[in-house]
Amino acid sequence: AHGCVESECAVDDVSDLISELKVQQEVLNVRLGTIMNVVAHLQQANKKEKRKTDDVRAIVNDMLRVFTTQDDKFAMGFSGDIGDGPTTAYDALPPKPWKAPTESLV
């Protein structure tokens, strides 16, 4: 958006901006769904006659993950970074050795 404002807003710049906005729209829709779900669970947990404080605390803790910020940005979920950085399933779990199929004659 800043690039468009600072330049002549070329067709490619606007197309890129639209694509980025659509991605952000999807992210926000997911977050909105999560928030609505947490609100419903919290309302149900809070209405119970013998409400369990641990249940309410767990729901609030889940809610904090939605609203927690890091580097002045909201957390958007698991980044996949563990240890030395992102890995593929092939790297994380070595493949099983290949075995020739056995033919059974019945």
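Analysis parameters
- Residues numbered from 1 in each chain as written.
- Predicted model: local features only at pLDDT ≥ 70, side-chain atom pairs only at ≥ 80, totals over all residues.
- Heavy atoms only, no water.
- Helix = DSSP H or I, 4+ residues; strand = E, 2+ residues; numbered from the N terminus.
- Buried < 20%, exposed > 50% of the residue type's maximum accessible area, 1.4 Å probe, protein only.
- Areas by Shrake-Rupley, 256 points an atom, 1.4 Å probe, with all protein chains shown as cover.
- Patch = residues over 30% accessible without salt bridge, like charges linked within 9 Å, V, L, I, M, F, W, Y side chains within 5 Å.
- Salt bridge = Lys/Arg side-chain N within 4 Å of Asp/Glu carboxyl O.
- Lys, Arg positive; Asp, Glu negative; His and termini not counted.
- Charge placed at Lys NZ, Arg CZ, Asp CG, Glu CD.
- Expected span 1.5 Å × (residues − 1).
- pLDDT = per-residue confidence, 0-100.

With that out of the way, let us pick up the overall build of the chain. The secondary structure content of the chain amounts to four helices and four strands. In sequence order, the secondary structure elements of the chain are arranged as α-α-α-β-β-β-β-α. In the chain, which comprises 106 residues, the share counted as buried stands at 8%. Roughly 10000 Å² of accessible area belongs to the chain as shown, and the carbon and sulfur atoms make up 57% of that amount.

Let us look at a negative patch on the surface. Residues Glu8, Asp12, Asp13 and Asp16 make up a contiguous surface patch of negative charge. Relative to the helices and strands, Asp12 resides in helix 2 (residues 11-47). Judged by relative accessible area, which is 57%, Asp12 ranks as exposed.

With that settled, consider the environment of Ala58. One can find Ala58 in helix 3 (residues 53-67). Taking relative accessible area as the criterion, Ala58 reaches 39% and is therefore assigned partly exposed. Note: C-alpha distance between Ala58 and Leu42 (16 residues apart in sequence) is 9.6 Å.

In an α-helix, one turn spans 3.6 residues; hence positions three or four apart end up facing the same way. The end-to-end C-alpha separation of helix 2 is 53 Å, in line with the 54 Å expected for 37 residues at 1.5 Å each. For helix 2, the set of buried residues is Arg31, Val38 and Ala45.

Time to look at the confidence of the model for the chain. Per-chain confidence: the chain averages 75 in pLDDT, with 72% of residues scoring 70 or above. No element of the chain has a lower mean pLDDT than strand 3 (residues 81-82), which averages 54, and none a higher one than helix 2, which averages 85.

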